[in-house]
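Results of the structural survey
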Amino acid sequence: MTEETTDRHVRVVLVDDHRMFRTGVQAEIGETGTTGVEVVGEAADVDQAVTVITATRPEVVLLDVHLPGGGGVEVLRRSAAMMAAAENPVRFLALSVSDAAEDVIGVIRGGARGYVTKTITGADLVDSIFRVQDGDAVFSPRLAGFVLDAFASTDAPPVDEDMDRLTQREREVLRLIARGYAYKEIAKQLFISVKTVESHVSAVLRKLQLSNRHELTRWATARRLV
């Protein structure tokens, strides 16, 4: 049986810091003749993402939340003009392993049109990409409820005072530590020195009143930041 072809077409950029994941997504959705999705660029960190998006001007960007250089929110901030363009706006769909409320709400406030988790099937991801291209908002079912609640409420979402004490870079280091990265790996991911990583970890431990990286990992896991 031959696969059906499609007349639909959308140009997509993949932004994720894991090369194997990007390769997997490309293999899953990138058969343009069948899916209508043309992957026109890839990026592994914030600076690369902004450069590739600016150069290719795709219709949709698949954006991971946790990226070296400031995270998905920083990509959105630096792409604001392209999102607001009157003609051919660039639209963003977050694709992340995280289902933490702060991650979802953060990127939606930053301008993303939707948020799906990496458990999504290839067919559903293709459908979500085209819906975002058309201007729809797309969410994995479990996430839609609390996103609607957060934006429908007249009250601001609860503030995590502990997290507020940390700088953006300290939060990045915190998440990578909690994921089990070694200091050298974190330094490579964030394009900083090992000594700078050590300084950030010391600052995080001091601000959160924790004693070691094991306590830090438990703290991050309890808040679903990993």
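Computed from a predicted model, the values in this text were never measured in an experiment.

Definitions and cut-offs
Residues numbered from 1 in each chain as written. Predicted model: local features only at pLDDT ≥ 70, side-chain atom pairs only at ≥ 80, totals over all residues. Heavy atoms only, no water. Helix = DSSP H or I, 4+ residues; strand = E, 2+ residues; numbered from the N terminus. Buried < 20%, exposed > 50% of the residue type's maximum accessible area, 1.4 Å probe, protein only. Contact = heavy atoms within 4.5 Å. Axes fitted to C-alpha atoms, helices over the stretch in contact; angles between N-to-C directions. Parallel < 35°, antiparallel > 145°, perpendicular 65-115°, else oblique. Arc of directions from axis to C-beta. Polar contact = N/O pair within 3.5 Å; in protein donor to acceptor, adjacent residues only side chain to side chain. 1 Å grid on protein atoms, 1.4 Å probe; cavity = no way out; pocket = protein on both sides within 12 Å on 5 of 7 lines; lining within 4 Å. Points joined across faces, edges and corners; volume = space filled by probe spheres on them. Phe/Tyr/Trp six-rings, centres within 6.5 Å; stacked < 30°, edge-to-face > 60°. Lys NZ or Arg CZ within 6 Å of the ring centre and 35° of its normal. Salt bridge = Lys/Arg side-chain N within 4 Å of Asp/Glu carboxyl O. Expected span 1.5 Å × (residues − 1).

**Examining the overall build of the protein**
- The helix and strand tally for the protein stands at 13 helices and six strands.
- Across the 226 residues of the protein, 45% fall into the buried class.
- For the protein, long-range pairs separated by at least 24 residues make up 67% of all intrachain contacts whose partners lie at least 6 apart in sequence.

**A short note on the packing of helix α10 (residues 168–178) against helix α12 (residues 194–208)**
- Between α10 and α12, whose axes approach to 9 Å, the crossing angle comes to 90°. One finds that α10 runs roughly perpendicular with respect to α12. Between α10 and α12, the residues in contact are Arg 169, Glu 170, Val 173, Leu 174 and Ile 177 and Val 197, His 200, Val 201, Ala 203, Val 204 and Lys 207, respectively.

**Brief notes about unusual backbone geometry**
- Phi at Arg 57 takes a positive value of approximately 45°, unusual for a residue other than glycine.
- With respect to the secondary-structure elements, Arg 57 resides in the loop between α3 (46–56) and β3 (60–63).
- Classification of Arg 57 by relative accessible area gives partly exposed; the value is 35%.
- Here Phe 191, not a glycine, exhibits a phi torsion of approximately 60°, which is positive.
- Relative to the assigned elements, Phe 191 resides in the loop between α11 (183–190) and α12.
- Given a relative accessible area of 61%, Phe 191 falls into the exposed group.

**Observations regarding helix α13 (residues 213–222)**
- All buried positions along α13 are accounted for by Leu 216, Trp 219 and Ala 220. Buried positions in α13, seen along its axis, are confined to an arc of 95° and lie on one side of it. Those residues of α13 that are exposed and aimed more than 90 degrees away from the buried face are His 214, Arg 218 and Ala 222.
- Its side-chain oxygen 3.1 Å from the backbone nitrogen of His 214, Asn 212 forms the N-cap of α13.

**Observations regarding empty space enclosed by the protein**
- Counted by the stated rule, this structure contains one cavity of 30 Å³ or more.
- Put simply, the largest cavity is a space of about 50 Å³.
- Looking at the lining of the largest cavity, the elements that each hand over two or more residues are β1 (10–15), α1 (19–29) and β3.
- In terms of residues, the lining of the largest cavity owes the most to one element, α1, which gives three residues.

**Digging into the packing of aromatic side chains**
- Applying the stated criterion across every chain, the model contains zero aromatic pairs.
- A cation over an aromatic ring shows up here: Arg 8 above the ring of Phe 130, its NZ or CZ 3.8 Å from the ring centre.
- Of note, Lys 118 hangs over the ring of Phe 21, and the distance from its end group to the ring centre comes to 4.0 Å.

**Regarding the pattern of salt bridges**
- All chains considered together, the criterion is met by eight salt bridges.
- For the salt bridge of Glu 74 with Arg 77, the shortest nitrogen-to-oxygen distance reads 2.6 Å. Of this pair, Glu 74 and Arg 77 both sit in helix α4 (residues 71–78), three residues apart, roughly one helical turn.
- Each of Asp 16, Asp 64 and Lys 118 takes part in one network of salt bridges that share partners.

**Notes on α12**
- Look at α12: 21 Å from first C-alpha to last across 15 residues, which is about the 21 Å you get at 1.5 Å a residue.
- Taken from the residues just after α12, Gln 209 is the one with a positive phi, measuring 60°.

Without other data, these values stay purely geometric and don't point to any function.
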